[in-house]
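In case you want the letters, here they are:
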Amino acid sequence: MDDRVHPEVRRTATEIDTMEIRGAATIADAAARALRTQATESDAADAEAFRGELRAAARTLYETRPTAVSLPNALRYVLRGMSSTTVEGARQNVVESADEFCARLERAQADLGEVGANRLRDGDTIMTHCHSTDALACVEAAVEQGKHIEAVVKETRPRNQGHITAKRLDELGVPVTLIVDSAARRYLNDVDHVLVGADAVAADGSVINKIGTSGLAVNARDRGTPIMVAAQTLKLHPGTMTGHTVDIEMRDTAEVIDDETLAELGNPTVKNPAFDVTPPRYVDAIVTERGQFPPESIVILMRELFGEGTSEPWVE
Ligand code: RUB
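Criteria and thresholds
- Numbering of residues starts from 1 in every chain and runs along the sequence as written.
- A pLDDT threshold of at least 70 governs which residues receive local features in this predicted model, and a stricter bar of 80 or more applies before side-chain atom pairs are shown or counted, although totals over entire chains, interfaces and linings include all residues.
- Hydrogens are left out, water is left out, and the side-chain values use all remaining heavy atoms of the structure.
- Comment: elements are numbered from the N terminus, with helices defined as DSSP H or I runs of at least four residues and strands as E runs of at least two.
- Two things to know: the radius of gyration comes from C-alpha atoms, and the globule rule equals 2.2 Å times the number of residues to the power 0.38.
- The cut-offs for exposure are 20% and 50% of the maximum accessible area for each residue type, with area from a 1.4 Å probe on protein chains only; residues under the lower value are buried, those over the upper are exposed, and the others partly exposed.
- For this analysis, residues touch if any pair of their heavy atoms sits within 4.5 Å.
- Accessibility throughout is a Shrake-Rupley quantity obtained with a 1.4 Å probe, and a residue counts as covered only by protein chains that appear here.
- Under the convention used here, Asp and Glu are negative, Lys and Arg are positive, and both His and the chain ends fall outside the count.
- Charge coordinates come from a single atom per side chain, which is NZ of Lys, CZ of Arg, CG of Asp or CD of Glu.
- Nearness here has a simple test: a residue counts as near a molecule or strand if at least one of its heavy atoms is within 4 Å of that partner.
- Counted as a polar contact is a pair of N or O atoms within 3.5 Å, where, for protein atoms, one must be capable of donating a hydrogen and the other of accepting one, and residues adjacent in sequence contribute only when both atoms are in side chains.
- Where a domain begins and ends is set by an automatic assignment or by a domain database.
- Strands are treated as partners if at least two bridges between them are detected by DSSP.

### Some words on the overall build of the protein chain
Reasoning step 1: Looking only at helices and strands, one finds 11 helices and 10 strands in the protein chain.
Reasoning step 2: Taken over the C-alpha trace, the protein chain has a radius of gyration of 20 Å; the compact-globule value for 316 residues is 20 Å, and the two agree within 12%.
Reasoning step 3: Each of the three principal axes of the protein chain carries a C-alpha extent, and together these read 65 × 50 × 40 Å.
Reasoning step 4: The 316 residues of the protein chain split such that 55% are buried.
Reasoning step 5: Partitioning the intrachain contacts of the protein chain with sequence separation of at least 6 by distance along the chain shows that 77% fall at a separation of at least 24.
Reasoning step 6: Roughly 14000 Å² of accessible area belongs to the protein chain as shown, and the carbon and sulfur atoms make up 47% of that amount.
Reasoning step 7: Of the side-chain charges in the protein chain, 34 are positive and 51 negative, and the distance between the mean point of each set is 3 Å.

Given below as structure tokens:
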């Protein structure tokens, strides 16, 4: 590990890696705050050394988890204005960008929630997968509008993020039915919307989210249940406009099965992909803080927000 990287940044990187900090928006927020700390604590001798430190910190954070594009989007946003010739000037740039980023993230989620809530009617039941703060913002806003919402929550093996969703929904006063993942199709008849978040949205409108989302969406389409993706624009993947694909994280097989049980089974190969890709034809609406979009038109918003190209501040 690069010894210019502040211990606080390393700690954040470890917590993202081990999923104590998880979920695309939360990861982005933590990364921006970590860069802020690197900037405020830096005793770099000159502006060039300062920029080198910040780039090293960004690289450390970037290398934790590959799929949530909110992470590189956050790093890029915070480091975009470090061009000052003095350490103090560059430090101020990073601190202001980080503060602005975190404030915008919070505001975007609240605005997105209002848009998503308009799609939910009083008395509706939603089905969720994994734990998404963007998706929950829609439910929270709907509840604040006085609507009664109920939820069928998939537990989301192997990490059971559905448990977090169940707890948050309970705190909002939403009655929850918790189901195993394989029961989803059985209960789709009882729900009015599938509501999920996203780790990345590609230029063609494909949605990258927790493994199991695509199967859920296909089943929901078959049952005629609308599929709504809550994804603030931080989740738009600029690289996909120029043909890059989204890297799907493969996680440790120990999350699926322990060594002893594995040996009893004759040591079969175990695969543990963390995310999958839902093609745009299975998505009814992508809800952002800029309004809702059919997935096929999301590229228009991407061009407006990112232009055609991006540079990566952690690449020297
Ligand atoms: C989390 C996940 C969430 C998205 C969106 O996966 O797939 O649906 O990250 O979350 P993991 P949010 O638990 O592996 O990080 O809306 O909070 O950004």
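### Let's talk about the site of the ligand
Reasoning step 1: Arg 22, Ser 132, Thr 133, Asn 209 and Lys 210 are the nearest of the 18 residues found near the ligand.
Reasoning step 2: With respect to the ligand, the backbone of Ala 24 contributes an N or O atom lying 2.9 Å from an oxygen atom.
Reasoning step 3: Considering the ligand on its own, with 460 Å² of exposed area, one finds that the protein chains cover 100% of that surface.
Reasoning step 4: Only α2 (24-41), α6 (133-144) and β6 (207-210) provide two or more residues apiece to the shell around the ligand.
Reasoning step 5: The two domains that each donate at least three residues to the shell around the ligand are domain 1 (7-109) and domain 2 (112-306).

### With respect to unusual backbone geometry
Reasoning step 1: Residue Pro 158 follows Arg 157 across a cis peptide bond; omega there is 5°.
Reasoning step 2: With respect to the helices, strands and loops of the structure, Pro 158 is situated in the loop between β2 (150-154) and α7 (161-171).
Reasoning step 3: Even without being glycine, Met 19 reaches a positive phi, approximately 70°.
Reasoning step 4: By the element assignment, Met 19 lies in the loop between α1 (7-17) and α2.
Reasoning step 5: Unlike most non-glycine residues, Cys 130 shows phi in positive territory, near 65°.
Reasoning step 6: Its location among the elements puts Cys 130 in the loop between β1 (125-128) and α6.

### Some thoughts on the sheet that holds β6
Reasoning step 1: Spatially, the three strands line up as an open sheet ordered β5-β6-β8, and their pairing is antiparallel. Each edge of the sheet is formed by a strand with only one pairing partner; in this case those strands are β5 (200-201) and β8 (275-278).
Reasoning step 2: Both β5 and β6 contribute to a ladder of two bridges, which runs antiparallel. For Val 201, the partnering residue across the bridge sits in β6 and is Val 207.

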